[in-house]
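# Examining the three-dimensional arrangement
As a plain string of letters, each chain reads:
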Amino acid sequence: MSILHWTEDHTTHSAGWHSESAAALPRRLVVADDRLKAATAYRLACEGTALLWRGDFPHARQLLRAMARRVDRKPPRPGDSPAESFALHRRARGHRARVLGRLLVLLEDDHSLALRGAPDVRRACTEAYGAPRGPLAVSLTELLGVIGAGQWREKGVPVPALGARVHPHYGVFSPVRGEYVDLVARTPLPAPVGHDAGRRTAFDLGTGTGVLALVLARRGLGRVVATDINPRALACARENVRRLRFADRVDVVNSGLFPEGRAHLVVCNPPWLPARPTSAVEQGVYDPDSAMLRGFLNGLASRLEPGGEGWLVLSDLAEHLGLRTRRDLLAAIEAAGLRVAGRTDTRPRHPRAADATDPLHAARAAEVTSLWRLAAG
């Protein structure tokens, strides 16, 4: 772990440095409190100076909002193509995250926050970071995300297809966009599975919260193997499987994309956009060079039982952004020795699809999420 050093009241202090977005250890740091003006804070942050907050917590949140307003005064210009607009949007979002991420707070030895008016963040921080191992400096934006994730973990996300809630952990993609879950819940099962579902096996690749594995088990699949490589996702999925009492039918395994053996149904919901994630949470959205998508397609045929299907759940947002074409996708399916047995489409229901102020509104408004039924060719 990197160590952050600073001088305060003529005394040298140190703390561990943690950043989920892999932000570098600040080279310059000043101690700040309620006397700091937003304009000064914004200027220092833009220059690369970190601000260790020692004022009260409500003022820190106000300062962060004031800095955000200043960043947002300069929206990215439209590009000459959807792909260029997306790149400019990502660059602007990255700049915004770096500037706002320079307002820091210090977690004490027990993960508490020793600021006036601060909430009790110990449980949320322990859930996100593990047991405390000394003082830890984090950005306020990250801490607010940890607090929000702790609240989501406690109350859960309702999943109508399960008639229950799943409880996402910090750093694990949350199934708040329910249309992809509904596709898996209502698409007819392959004929061999439908005849005797209780004796058939399904794989859920990159399970995250475990929501799709749970939907498959609820539909009657006798054994579901859910894979992931993210320790947070593995812990999250196992907790949800136990909570909903499917541990006798759902195995959550630490594995590469595919587990051992073959299955009658293989489901994969890869990140939808071929771009590099900048944080742990973004790994559920961005798939560099479509690596997970290509891995699923290229490995599927050899992992299917006779008559089995692979279900690829994928948005066409990347196509509308000029990041991938439909021809590219179909060519990759064919090259993997697969054929399309059918497709079910749905429109997104999330608020951003109707937000005309979103820089990517045209692409989001045209987006369709599909479940591609793939069979060995």
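Check the entry above for the structure.
This report concerns the structure included in the present document. Here the structure is a predicted model, which means the values were calculated and not measured.

As a further point, take the overall build of the protein chain. When you go through the protein chain residue by residue, the secondary structure sums to 13 helices and 15 strands. For 377 residues, the compact-globule estimate of 2.2 N^0.38 gives 21 Å, and the C-alpha radius of gyration of the protein chain, at 23 Å, lies within 12% of that figure. Once the C-alpha set of the protein chain is aligned to its principal axes, its extents read approximately 75 × 50 × 30 Å. Within the protein chain, the fraction of its 377 residues that count as buried is 50%.

Take the pairing of strand β11 (residues 250–254) next. Pairing of strand β10 (residues 223–228) with β11, which is carried by five bridges, proceeds in the parallel orientation. Bridge pairing in β11 links Val 225 to Asp 251. At this point the chain moves from β10, through helix α9 (residues 231–243), to the parallel β11, and the crossover so formed is right-handed.

A full pass over the atoms with the stated rule returns two aromatic pairs. A centroid spacing of 6.5 Å and a plane angle of 90° characterise the contact between Tyr 180 and Trp 272, whose relative ring orientation is edge-to-face. Here Tyr 180, found in helix α6 (residues 179–186), pairs with Trp 272, found in the loop between β12 (263–268) and α10 (291–300); they are 92 residues apart in sequence, far enough to count as distant. Each member of the pair, Tyr 180 as well as Trp 272, is classed as buried. Where Phe 258 meets Phe 296, the ring centres are 6.5 Å apart and the plane angle is 10°; that geometry is what we call stacked. In this pair, Phe 258 is assigned in the loop between β11 and β12 and Phe 296 in helix α10, connecting sequence segments 38 residues apart. Take Phe 258: its relative accessible area is 14%, and that puts it in the buried class. The aromatic ring of Trp 152 is capped on one face by Lys 155, whose charged end is 4.7 Å from the ring centroid.

So, about the sheet that holds strand β3 (residues 28–32). Pairing between the strands of a sheet comes from backbone hydrogen bonds, and it takes one of two forms, parallel or antiparallel. With mixed pairing, the six strands of this open sheet are ordered in space as β1-β2-β6-β5-β4-β3. Where the open sheet ends on each side, the last strands, each with one partner, are β1 (3–8) and β3. Averaged over neighbouring strand pairs, the angle between their axes works out to 40° when direction is ignored. In the sheet, strand β2 (residues 11–17) pairs with strand β6 (residues 136–139) via two bridges, with the strands oriented parallel. Paired with Trp 17 across the strands is Ala 137, a residue of β6.

As a further point, take the packing of α6 against helix α8 (residues 211–218). One way to put it is that α6 packs onto α8 with a least axis distance of 9 Å and a crossing angle of 25°. By the criterion of interaxial angle, the relationship of α6 to α8 is roughly parallel. In the crossing of α6 with α8, the sense of the turn from one axis to the other is right-handed. On α8, the residues touching Tyr 180, Val 181, Val 184 and Ala 185 of α6 are Val 211, Leu 212, Val 215 and Leu 216. For the contact of α6 with α8, the residue count by class is eight nonpolar, no polar and no charged.

A few words now on a positive patch on the surface. A contiguous patch of positive charge, built from Arg 61, Arg 65, Arg 69 and Arg 73, is present on the exposed surface. For Arg 65, a relative accessible area of 44% puts it in the partly exposed group.

We now examine unusual backbone geometry. Leaving glycine out, the prevailing phi sign among residues is negative, and the prevailing peptide bond configuration is trans. You will see that Asp 9, though not glycine, has its phi angle at about 55°, which is positive. Using a relative accessible area of 68% as the deciding quantity, one classes Asp 9 as exposed. One non-glycine residue, His 111, lies in positive phi territory at about 70°. Among the structural elements, His 111 can be located in the loop between β5 (103–107) and α4 (122–129). Here His 111 falls in the buried class, since its relative accessible area comes to 2%.

For the rest of this paragraph, the subject is the pairing of β10. Most of β10 is tucked away, with five of its six residues classed as buried. Of the pairings in the sheet, the one linking strand β9 (residues 201–205) to β10 comprises five bridges and is parallel in character. In the strand pairing of β10, Asp 204 is matched with Ala 226. On the question of chirality, the crossover connecting β9 to the parallel β10 by way of α8 is right-handed.

Let us look at α8. Taken across its eight residues, α8 has seven buried, putting it largely inside the fold. Those residues of α8 not exposed but buried are Val 211, Leu 212, Ala 213, Leu 214, Val 215, Leu 216 and Ala 217. Taken from the residues just after α8, Gly 220 is the one with a positive phi, measuring 110°.

Thresholds applied
- Residues numbered from 1 in each chain as written.
- Predicted model: local features only at pLDDT ≥ 70, side-chain atom pairs only at ≥ 80, totals over all residues.
- Heavy atoms only, no water.
- Helix = DSSP H or I, 4+ residues; strand = E, 2+ residues; numbered from the N terminus.
- Rg over C-alpha atoms; globule rule 2.2 N^0.38 Å.
- Buried < 20%, exposed > 50% of the residue type's maximum accessible area, 1.4 Å probe, protein only.
- Pairing = 2+ DSSP bridges.
- Right-handed = clockwise from strand over helix to strand, strands pointing away.
- Phe/Tyr/Trp six-rings, centres within 6.5 Å; stacked < 30°, edge-to-face > 60°.
- Lys NZ or Arg CZ within 6 Å of the ring centre and 35° of its normal.
- Axes fitted to C-alpha atoms, helices over the stretch in contact; angles between N-to-C directions.
- Parallel < 35°, antiparallel > 145°, perpendicular 65-115°, else oblique.
- Left-handed = near helix turned anticlockwise from the far one by under 90°.
- Contact = heavy atoms within 4.5 Å.
- Nonpolar A, V, L, I, M, F, W, Y, C, P; charged D, E, K, R; others polar.
- Patch = residues over 30% accessible without salt bridge, like charges linked within 9 Å, V, L, I, M, F, W, Y side chains within 5 Å.
- Areas by Shrake-Rupley, 256 points an atom, 1.4 Å probe, with all protein chains shown as cover.
- Salt bridge = Lys/Arg side-chain N within 4 Å of Asp/Glu carboxyl O.
- Lys, Arg positive; Asp, Glu negative; His and termini not counted.
- Charge placed at Lys NZ, Arg CZ, Asp CG, Glu CD.

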